[in-house]
Amino acid sequence: MRVRAIALAAVCALAACTSAAVAPAPAHGAGNQGIDIAQGGATIRLRMIAPGVLRVQYLPHGAATRPGLVIDPQPAAPPAFAPQVAQDGDATTMRSPRMTVTWNRALRELRIVDAHDHLLLRQSAFAALAQGRIVLEHAAGDALYGIGGYAANAPVAGLRRSGKLVAQAGKQGHAGAPFVWSSAGYGVLVDCDGAEFDLADDRIAVDDFKRPDADYYLLAGSPPELFGALAQLSGPAPMFPKWAMGFTNSQWGIDQKELLDIVATYRAKHIPIDNFTLDFDWKAWGQGDYGEFRWNPEKFPDGPGGKLAERLAANGMHLTGIMKPRLLLGTAEGDYATAHDLWIPGEQAYPEYFSHKQALDIDFDKPESRRWFGQLAVEYGFDKGIAGWWNDEADVYGKDGVLTSNTQFLNMQRALYDAQRAVSDERAWSINRNFWLGAQRYAYAMWSGDIDTGFASMAAQRARMLSAIDVGAMRWGMDGGGFNGHPSAENYARWIEFGAFTPVFRVHGTFDEKRQPWVYGPVAEAAANAAIRLRYSLIPYIYAYQRAERTQGVGLVRPLAFDWPRDANVRDDVDAWMFGQWLLVAPVVEQGQATKSIYLPAGTWVDWFTGKAWIGGQTIAYPVDAKTWRDIPLFIRAGAIIPTQPVMDFVGQHPATRVTVQVFPSEQTTQFEYYDDDGATYAYENGVFFLQAMAVRKRAHGVDFTLAAPQGSYAPAVRDYLLAIHGDSARDVRVNGKPIAPAASFDALAQSGGPGWSRGRDRYGAVTWVQVPAGAATRIAIESAAP
């Protein structure tokens, strides 16, 4: 109880709330921190707790329920903020740069407008709160998103949301949150463990939020700002290890010899890979005490002692393993769970499908269950070389598959995360089969479940991914190639190309299905290898968005509506998405396709592979290679700053001492924050990181590029940036106001190891290469060769 009390105090501090023991602010008036409203024996408390966040609490008799798990129980201290509060007759206003909140006492109406005085939300039905109902009005036709995604193999229907919807974690592949938002500039987060939403053309209603009071947050801002506020409220995601930016091969039906042979083949073929995930095979499942936790010594003789993991680590490969939420009865662990009441209440024992022995499921909502289960997982798995967790089937209980908790999966990974952090500074990693907001705090990614193979199933993963991101599940992956069935060579190649542009890049199949590229023939292997190698060249770019997700709430992949919220053409677009801020990708998901129609939003776009440019705001006909499957529709946005590095067989194989930065200047100043750290520990939480902001702007007769002074105490491997500034051929380059000498050629510049510049042409046209030291504030001015 003491821990929960501390957590409540911390949340109250974030929200600037007052406890029941403190006298409330005057009814209907502006208190020191906001507005309190008397409502039939209850108090409605309004607090603007951040520039774009209004917290609304309905407190019958002054009583408040403890915050749920969608809210961060241990929030960081927020930046100092106080709204401007003013009284004008019956109207009390709270104002920030992002929103203005007005309570009209005579009309008993709450209005929220944005910085341009555009009405976002209106609430007048306050009496409904006493009946457990939140009712908010908005402009007719606003596009709404969030609440929930799609379960594995269920039909998909785009990204926009309407009608009656249940906010829940759901079964496999589903992502949920009691959160709805609009590209019109607002969002609503309800602190609850599940709710029913009713979305009408001009109204949002929320019912059955399972608490006698109400606690909800009204957000204002652009889509990235909304998700930044959501991350502040729900808690940031700890960074995954850098190796997790690479490729994962998962397999069911394998032993130590086959594993070593597969890894050796990847290395011999120079197909990059960083992680191999083991299914049931790694466990001594059904073989006596603690078989659900420990290595299978028959299939993996070197597993129990940790030698297998050490051998693979020496070759740049990590091992991760499956975990299940159930335990077998009649074992030491089963007896312990029975004696300590750790099972899900009311569940009946059932014969689980792998061992066919009687089993029950652990109730991870119980703190003692988490503590005990996590300790066993660390002792038998993590300490023996398992570097991450593949948590499966905590979305169903018993033989009937009944779902009774939205937080079972969240708390299963919470058990492993807390146990690992208690004994090690090594970063945690996990994938899980559903998502409930708050899970991101525990090193949590999700995957879309046991999906079918084939082009139709692959195409449906686009809506699954983007709808999951729309509820805050920024780390998403899938069983590349499909779980059920065997993909064709073309389907496999296209699936790898799709997966290379998702947050969690992995392949997997059902029992005895192999998902290695060479299994599918030379044409598919070549296409798959090219896509994997392209991803590995982008590791510096990808890793920067791990940092951005943690600090700003928006990760590597974002729906197009995040960046073009007013473009009606992208409001339900699942065909393309942004990969970071500067790349738009629209993978091929149709068999034998020769031409693909792709809508490009406003701006200028350049084909990554050919250099061809398009003006946005139109649908283009993009030619597709239906024979070699080597092409990926990938477009560079004007203003892009994209750091790249040499392709390696695994992340960190060699120090990346030179980072090549692809720069596509526009007339507006654009930015990118280059980021690095040790990639393995939590030292970044204490400032041990390297962050250097880059900015570029095209002017009438040249380009200005700046490097800000770096932040953090980490010394990165990078010594030089090689800037490839496209669209300009220089006659003169100055660094910090002083001219630097040109090199005789690009090769001479690259070999020089010092500052210099060169000019030439590549597939994008004219280019100026400039090499400067990393880690220092630098101003680079490029004067064009031709006026």
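Calculation criteria
Residues numbered from 1 in each chain as written. Predicted model: local features only at pLDDT ≥ 70, side-chain atom pairs only at ≥ 80, totals over all residues. Heavy atoms only, no water. Helix = DSSP H or I, 4+ residues; strand = E, 2+ residues; numbered from the N terminus. Rg over C-alpha atoms; globule rule 2.2 N^0.38 Å. Buried < 20%, exposed > 50% of the residue type's maximum accessible area, 1.4 Å probe, protein only. Contact = heavy atoms within 4.5 Å. Areas by Shrake-Rupley, 256 points an atom, 1.4 Å probe, with all protein chains shown as cover. Lys, Arg positive; Asp, Glu negative; His and termini not counted. Charge placed at Lys NZ, Arg CZ, Asp CG, Glu CD. Core = buried A, V, L, I, M, F, W, Y, C linked by side-chain atoms within 4.5 Å. Pairing = 2+ DSSP bridges. Axes fitted to C-alpha atoms, helices over the stretch in contact; angles between N-to-C directions. Parallel < 35°, antiparallel > 145°, perpendicular 65-115°, else oblique. Nonpolar A, V, L, I, M, F, W, Y, C, P; charged D, E, K, R; others polar. Expected span 1.5 Å × (residues − 1). Salt bridge = Lys/Arg side-chain N within 4 Å of Asp/Glu carboxyl O. pLDDT = per-residue confidence, 0-100.

Draft legend 1. Local environment of the overall build of the protein chain. If you tally the helices and strands in the protein chain, you get 12 helices and 48 strands. The C-alpha atoms of the protein chain give 27 Å as radius of gyration, which agrees with the globular expectation for 787 residues (28 Å, within 12%). Taken along the three principal axes of its C-alpha coordinates, the protein chain extends 80 × 70 × 50 Å. In the protein chain, which comprises 787 residues, the proportion classed as buried is 60%. Here the analysis covers contacts within the protein chain between residues at least 6 apart in sequence; of these, 70% occur between residues at least 24 apart. For the protein chain, the exposed surface amounts to about 28200 Å²; the carbon and sulfur share of it is 52%. Across the protein chain, 73 positive and 82 negative side-chain charges occur, with their mean positions spaced 4 Å apart.

Draft legend 2. Seen up close, the nonpolar core. Judged by nonpolar contacts, the single largest core of 221 residues is most densely connected at Leu 46, Leu 54, Phe 197, Leu 218, Leu 259, Phe 501 and Tyr 721. Ranked by residues supplied to this core, first place goes to helix α8 (residues 455-469) with 8 residues. The contact partners of Leu 259, leaving out residues within four places of it in the chain, are Ile 254, Phe 276, Leu 278, Phe 300, Leu 308, Leu 312 and Leu 319. Core analysis: the next-biggest nonpolar cluster, separate from the first, contains 17 residues, Leu 584, Trp 614, Tyr 622 and Phe 635 among them.

Draft legend 3. Spotlight on unusual backbone geometry. The backbone of Ile 147 shows a phi angle near 70°, a positive value even though the residue is not glycine. With respect to the helices, strands and loops of the structure, Ile 147 is situated in strand β11 (residues 144-148). Residue classification places Ile 147 among the buried residues on the basis of a relative accessible area of 1%.

Draft legend 4. Inspection of the pairing of strand β17 (residues 214-220) at higher detail. Within β17, 7 of the 7 residues are buried, which leaves it mostly tucked inside the rest of the structure. Judged by which residues are buried, β17 turns out to be covered on both faces: Ala 214, Tyr 216, Leu 218 and Ala 220 on one side and Asp 215, Tyr 217 and Leu 219 on the other are all buried. In terms of strand pairing, strand β4 (residues 53-60) meets β17 through 6 bridges, oriented antiparallel. Paired with Leu 54 across the bridge in β17 is Leu 218.

Draft legend 5. Region of the structure containing the packing of helix α9 (residues 489-499) against helix α10 (residues 521-537). One way to put it is that α9 packs onto α10 with a least axis distance of 9 Å and a crossing angle of 5°. Considered as vectors, α9 and α10 are oriented roughly parallel to each other. Facing α9, whose interface residues are Ala 489, Tyr 492, Ala 493, Ile 496, Glu 497 and Gly 499, α10 presents Ala 524, Ala 527, Ala 528, Ala 531, Ile 532 and Arg 535. Considered class by class, the residues forming the contact of α9 with α10 number 9 nonpolar, 1 polar and 2 charged.

Draft legend 6. Main features of the pairing of β4. Counting buried positions over the 8 residues of β4 gives 8, a clear majority of the element. Here strand β3 (residues 42-50) pairs with β4 via 8 bridges, running antiparallel. Pairing of Arg 45 across the sheet is with Gln 57, part of β4. Hairpin remark: β3 followed by β4, antiparallel, with 2 residues in the connecting loop.

Draft legend 7. Layout of the sheet that holds strand β18 (residues 247-251). Spatially, 8 strands are ordered β28-β27-β25-β24-β20-β19-β18-β29 in an open sheet, and the strand pairing comes out parallel. With one partner strand each, in any of the chains shown, β28 (476-477) and β29 (505-507) form the two edges of the open sheet. Taken together, the 2 bridges between strand β25 (residues 430-432) and strand β27 (residues 445-447) define a ladder with parallel strand orientation. Note that in β27 the partner of Asn 432 across the bridge is Met 446. Its contacts with the sheet put helix α7 (residues 408-423) on β20 (318-323), β24 (386-391) and β25, and the angle it makes with β24 is roughly 170°.

Draft legend 8. Spotlight on the environment of Ala 473. Within the secondary structure, Ala 473 is located in the loop between α8 and β28. Assessed through its relative accessible area of 3%, Ala 473 is described here as buried. Sequence separation of Ala 473 and Asp 90 is 383 residues, and the distance between their C-alpha atoms is 42 Å. For Ala 473, the residues in contact, after removing those within four places along its chain, are Ala 175, Phe 435, Met 446 and Ala 468.

Draft legend 9. Looking closely at helix α11 (residues 539-552). Compared with the 20 Å implied by 1.5 Å per residue over 14 residues, the 19 Å span of α11 between its first and last C-alpha is a close match. Across the 14 residues that make up α11, a large majority, 11, are buried. For α11, the complete set of buried residues consists of Ile 539, Pro 540, Tyr 541, Ile 542, Tyr 543, Ala 544, Tyr 545, Gln 546, Arg 547, Ala 548 and Glu 549. Where α11 ends, the next residue or the one after it, Gly 553, has phi of about 90°, a positive value.

Draft legend 10. A look at the pattern of salt bridges. The full count for this structure, using the stated rule, is 42 salt bridges. One salt bridge connects Asp 213 with Arg 211, and the closest N-O pair in it is separated by 2.9 Å. A single burial state applies to Asp 213 and to Arg 211, both of which are buried. Among the ionic contacts, a cluster of salt bridges with common partners joins Lys 324, Arg 326, Glu 352, Asp 392, Glu 393, Asp 395, Arg 433 and Asp 450.

Draft legend 11. Just the confidence of the model for the protein chain, in detail. When pLDDT is averaged across the protein chain, the result is 94; 95% of the residues are at 70 or more. Highest mean pLDDT in the protein chain belongs to strand β32 (residues 583-585) (99); lowest belongs to helix α1 (residues 2-15) (32). Residue range residues 1-32 is modelled with pLDDT below 50. Its contacts to residues more than four positions away, or to other chains, number 50 contacts.

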